[in-house]
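Structure at a glance
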Amino acid sequence: RGWTPYSTLVPSDAITINYRHGLPVITLMLPTRSERCQFTVKPALTTVGAFLQDVQREDKGIERAEVFATDGSKVSDATLLEVLLMNDFKLVINNTAYSVSPPVKEKLSSEHATEMEDIKSLVHRLFVALHLEDHQIRKERELLQKLDHLKEELLPLEQMKARIMDSADAKTSRLLWIGLALMSTQGGALAWLTWWVYSWDIMEPVTYFITYGSAMAFYAYFVLTKQDYIYTDAKDRQFLHYFYRKSRKQHFNVERYNKLKEDLAKAEESLRRLRQPLHLRLPIEEINDKD
């Protein structure tokens, strides 16, 4: 809805805007009270809607208060006055339209601008110094709650993982003992065939092919796994095979477990980094907020 053409247009001097101590002071005539009223606003914080509400609070007889651009388009209530005061605009109160031409704000000198930046920096440091401890305590409480939540989620997974690891370790140990038993049986069978049944001349080719077959088996292991056949590595590989197979049967989500453990480690590290400046009274380190 644009500015209505039947509104009475009042000259631009009916509303004046002056700057005092760096803040704009808007002076206008209240229609039902028939008196001039000044409004000192903070352009970087006050919105058009808040300003119009202040005007209506001063004069209860105002039923309509809106702001329009010079082209007739309505200015949003969420627009900051700092943006509005950059260009001319029309203020419509009831059926009266006021044409407003804001004065050009004088630019600060470079020296004055530097002083203002120094003051802003000082205010920021004071704010941080006064509120840093509260922020650290609040952050520590949030991290402790997150740790409790992660540990609560991990507890049943840790118990299930312990049972699966015990089962996988038992099967791996059983496989190793079976391998030792088979090798002992093979050695005893070869010795019996060599000294009691046949002679060494007959058994020598047999042992050769058994040795060659073992070498082929080790080479096949390397081709399939791209690793040398080292007993400890082979044991760990077999353990993981049993572990993941058992995990699928028990519906144990390994990826979920690893993600929770990673989040727990990050939360503990963040808590350690947070508590260090609390005890040493040093500036707080940057903490990553990843949920």
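Keep in mind the model is a prediction, meaning the values are calculated, not measured.

We now examine the environment of Lys-74. Tracing the chain through its elements places Lys-74 in the loop between strand 5 (65-69) and helix 2 (81-84). Lys-74 sits in the partly exposed class, given a relative accessible area of 36%. Sequence separation of Lys-74 and Lys-90 is 16 residues, and the distance between their C-alpha atoms is 9.4 Å.

With 20 residues, helix 5 (residues 231-250) extends 28 Å from end C-alpha to end C-alpha; this agrees with the ideal 28 Å at 1.5 Å per step. Note on helix 5: the residue one or two positions beyond its end, His-251, has a positive phi of about 60°.

Let us look at the UniProt feature "transmembrane region" (unreviewed entry) in the chain. UniProt marks residues 175-194 and 206-224 with the feature "transmembrane region" (unreviewed entry), using the numbering shown here. Split by type, residues 175-194 is 100% helix and 0% strand. Its first and last C-alpha atoms lie 28 Å apart. Helix makes up 100% of residues 206-224 and strand 0%, with an end-to-end C-alpha separation of 27 Å.

Turning our attention to helix 1 (residues 48-58). Burial in helix 1 covers these residues: Val-48, Gly-49, Phe-51, Leu-52 and Val-55. Summarising the axial view, the buried residues of helix 1 lie within an arc of 160°, below the 170-degree limit, and thus occupy one face. On its buried face, helix 1 is in contact with strand 3 (23-30), strand 4 (35-40), strand 5, helix 2 and strand 6 (89-93).

Turning our eyes to something else, we now look at the side chain of Thr-27. Structurally, Thr-27 can be placed in strand 3. With residues near it in sequence (within four places) discarded, Thr-27 still touches Ala-14, Ile-15, Thr-16, Arg-36, Cys-37 and Gln-38.

Here we come to the packing of aromatic side chains. Each aromatic ring pair is characterised by the separation of its centres together with the angle its planes make. Under the defined criterion, the tally for this structure stands at eight aromatic pairs. Seen in terms of ring centroids, Tyr-208 and Tyr-212 are 6.4 Å apart; in terms of plane orientation they differ by 20°. Their pairing is stacked. Placement of both Tyr-208 and Tyr-212 in helix 4 (residues 200-225) is noted, with a separation of four residues, approximately one turn of the helix. Here Tyr-212 falls in the partly exposed class, since its relative accessible area comes to 47%. With a centroid separation of 6.5 Å and an interplanar angle of 40°, the aromatic rings of Tyr-219 and Phe-222 are classed as tilted. Here Phe-222 and Tyr-219 lie together in helix 4, a separation of three residues that amounts to about one turn. With a relative accessible area of 36%, Phe-222 lands in the partly exposed category. One aromatic cluster in this structure is built from Phe-239, Phe-243, Tyr-244, Phe-252 and Tyr-257.

Cut-offs applied
- Residues numbered from 1 in each chain as written.
- Predicted model: local features only at pLDDT ≥ 70, side-chain atom pairs only at ≥ 80, totals over all residues.
- Heavy atoms only, no water.
- Helix = DSSP H or I, 4+ residues; strand = E, 2+ residues; numbered from the N terminus.
- Buried < 20%, exposed > 50% of the residue type's maximum accessible area, 1.4 Å probe, protein only.
- Expected span 1.5 Å × (residues − 1).
- UniProt positions renumbered as here; feature names shortened; annotations may be inferred.
- Arc of directions from axis to C-beta.
- Contact = heavy atoms within 4.5 Å.
- Phe/Tyr/Trp six-rings, centres within 6.5 Å; stacked < 30°, edge-to-face > 60°.

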